[in-house]
Amino acid sequence: MKDLLRSAKAVLVAYFISELVRSKGLVYGLLSLGVWLSIFVVPASLFVGGGDTGLLATGILVGTAIFLAYSTATWDWAMLLRWLLQLGIFEYVITSGSPILSHYIGTVPVSITWYSIALGIAYMIIRTFIGPPHISVVDPVALIAGVSFLLLVLLAYSFILGGSVIAAGTAGPVVEFISWILPIATGGLVPVSAMPRSLQIVAYLTPFSYPAELLRYSLGVSRTILDPGTTLLVGATYSVLFLVLSAMYLRYQINKVLKEGIKTAALI
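All values derive from a computational prediction rather than experimental measurement.

Caption draft 1: Seen up close, the overall build of the protein chain. When helices and strands are tallied, the protein chain shows ten helices and zero strands. Each helix (α) and strand (β) of the protein chain, taken in turn from the N terminus, gives the series α-α-α-α-α-α-α-α-α-α. Residues classed as buried in the protein chain amount to 46% of the 268 residues present. Taking contacts inside the protein chain between residues at least 6 apart in sequence as the whole, the part at least 24 apart equals 79%.

Rendered as structure tokens:
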């Protein structure tokens, strides 16, 4: 455990310094995020009418928070392995005996910082164009469970993407399918109850929908199709199972690299 924490601290320092070096690019990225969110939020304001603007604003904020969480897990956690490959130091990381998990842990504080800034920008945009979100916790247990399951799913999901990068040497097709289509199509942006019946079935067959459903239910945005207790139980099972299987997959790919070597990493 001491070695793991020491490695994680070293990664945190290196990652923090690299973020400072490219801070101008990150500022531009946050500005473009604000413009991008405005493009999506402004049309939503046209459908407010005489409805509850606070509830609509809360729903959009939750959807945006989930989307930003998957984006963070994609480009900060999963693409960390691609970054190591492109720098040509992934082999040294493996042979040094430093646990891959320490690299994930080391990036978390920086990721949380930038995620919080991005979410704050999203909140201000939603408040400006639609109205202040009514954030009221109606079920604390569901909220804690939803956040916990989301963290487990995000970590598992980053393991899958990271392992795929190692296996293929590129992340383009994998990222497009797993990081955009699956989370969005399974309740990432809108409640499962608002989806077509066929898509609802697909959503509940994946681990992505349960954290989002519990978060929306806990904040009073929407009700779950399944009983809340069932949603919590199945969500816990799916999240843990997904994490275990993804960790096994990542470990398998790392062991495969030790036998076959690293494939050339593409820039896409």
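Having seen the structure, we can now continue with the description.
Caption draft 2: Summary view of the nonpolar core. Judged by nonpolar contacts, the single largest core of 32 residues is most densely connected at Tyr70, Leu81, Phe90, Leu154, Tyr157, Ile166 and Leu250. Taken together, the elements giving at least two residues each to this core come down to helix H3 (53-87), helix H4 (90-95), helix H6 (140-168), helix H9 (209-218) and helix H10 (228-260). Excluding residues that lie within four positions of it along the chain, Leu154 makes contacts with Ala69, Tyr70, Ala73 and Trp77. Formed by twelve residues, the second largest nonpolar core is a distinct cluster that contains Ile60, Leu68, Ala118 and Ala122.

Caption draft 3: Representation of H10. Helix length check: H10, at 33 residues, gives a terminal C-alpha distance of 47 Å against a target of 48 Å (1.5 Å per residue), a fit within 8%. The complete set of buried residues in H10 reads Thr231, Gly235, Ser239, Phe242, Ser246, Leu250, Gln253, Ile254 and Val257. Put simply, Asp227 is the residue that caps the front of H10, since its side-chain oxygen is 3.0 Å from the backbone nitrogen of Gly229.

Caption draft 4: Molecular detail of the packing of aromatic side chains. According to the stated counting rule, one finds six aromatic pairs in the structure shown. Centre to centre, the rings of Tyr204 and Tyr210 are 5.4 Å apart; their planes meet at 55 degrees, and the pair counts as tilted. In this structure, Tyr204 and Tyr210 share a single accessibility class: buried. Put simply, the rings of Tyr70, Tyr157, Phe208 and Phe242 pair up and form one aromatic cluster.

Caption draft 5: Highlighting the packing of H9 against H10. The geometry of H9 relative to H10 is characterised by a closest axis approach of 9 Å and an angle of 145 degrees between their N-to-C directions. Note on packing geometry: the crossing formed by H9 with H10 is left-handed. On H10, the residues touching Tyr210, Glu213, Leu214 and Tyr217 of H9 are Pro228, Thr231, Leu232, Val234, Gly235 and Tyr238. Grouping the constituent residues of the contact of H9 with H10 by class yields seven nonpolar, two polar and one charged.

Caption draft 6: Structural context of a nonpolar patch on the surface. Taken together, the side chains of Val240, Leu241, Val244, Leu245 and Met248 make up a nonpolar region of the molecular surface, amounting to roughly 460 Å² of accessible area. For Met248, the location among the structural elements is in helix H10. We classify Met248 as exposed; its relative accessible area is 54%.

Caption draft 7: Representation of H9 within the structure. Extensive coverage of H9 is indicated by the burial of ten of its ten residues. Looking only at H9, the buried set comprises Ser209, Tyr210, Pro211, Ala212, Glu213, Leu214, Leu215, Arg216, Tyr217 and Ser218. Just downstream of H9, Gly220 is the residue with a positive phi angle, here 75 degrees.

Caption draft 8: Just the environment of Leu154, in detail. Secondary-structure assignment places Leu154 in helix H6. Expressed as a C-alpha distance, the spacing of Leu154 and Ala78, which sit 76 residues apart in the sequence, is 9.7 Å.

Caption draft 9: Geometry of the side chain of Thr206. When you line up the elements, Thr206 lands in the loop between helix H8 (197-204) and H9. At 2.9 Å, the side chain of Thr206 forms a polar contact with the backbone oxygen of Ala203. With residues up to four places along the chain from it excluded, the contact list for Thr206 reads Thr186 and Tyr238.

Caption draft 10: Up close: the environment of Thr237. Relative to the helices and strands, Thr237 resides in helix H10. Along the chain, Thr237 and Phe149 lie 88 residues apart, while their C-alpha atoms are 9.5 Å from each other.

Cut-offs used in this document
The numbers attached to residues start from 1 for each chain and follow its sequence in the written order. Under the rules for a predicted model, residues below a pLDDT of 70 receive no local features and side-chain atom pairs below 80 are neither given nor counted, while totals for whole chains, interfaces and linings still include all residues. Excluded from the side-chain calculations are hydrogens and water; all other atoms, namely the structure's heavy atoms, are used. Helix numbers and strand numbers start at the N terminus; a helix is a DSSP run of H or I with at least 4 residues, a strand a run of E with at least 2. Per-residue accessibility, obtained with a 1.4 Å probe over protein chains only, is compared with the maximum for each type, and a residue is labelled buried under 20%, exposed over 50%, and partly exposed between these values. In this analysis, two residues are considered to be in contact whenever any of their non-hydrogen atoms come within 4.5 Å of each other. Side-chain atoms within 4.5 Å link the members of a nonpolar core, which is a set of buried Ala, Val, Leu, Ile, Met, Phe, Trp, Tyr and Cys residues. Working rule for helices: expected span equals 1.5 Å times residues minus one. In the analysis that follows, any N or O atom pair within 3.5 Å is treated as a polar contact, provided that within protein one partner can donate a hydrogen and the other can accept it, and provided that, for residues neighboring in sequence, both atoms belong to side chains. Note on ring pairs: Phe, Tyr and Trp rings are taken, using the six-membered ring of Trp, and paired if centres are within 6.5 Å. Classes follow the plane angle, with under 30 degrees stacked, over 60 edge-to-face and the rest tilted. The angle between two axes is taken between their N-to-C directions and runs from 0 to 180 degrees, where each axis is a line fitted to C-alpha atoms and a helix contributes only its stretch in contact. Two helices that cross are described as forming a left-handed crossing if the nearer one is turned anticlockwise from the farther one by less than a right angle, and a right-handed crossing if clockwise. Note that Gly is not counted as nonpolar here; it falls among the polar residues with everything else outside the nonpolar set of Ala, Val, Leu, Ile, Met, Phe, Trp, Tyr, Cys and Pro and the charged set of Asp, Glu, Lys and Arg. Nonpolar side chains (Val, Leu, Ile, Met, Phe, Trp, Tyr) are joined into patches within 5 Å and like charges within 9 Å, using only residues with over 30% relative accessible area and no salt bridge. In short, Shrake-Rupley with a 1.4 Å probe defines the accessible areas, and a residue's cover is counted only from the protein chains shown. One speaks of a salt bridge when a side-chain nitrogen belonging to Lys or Arg is within 4 Å of a carboxyl oxygen belonging to Asp or Glu.

These figures come from the coordinates and say nothing about function on their own.
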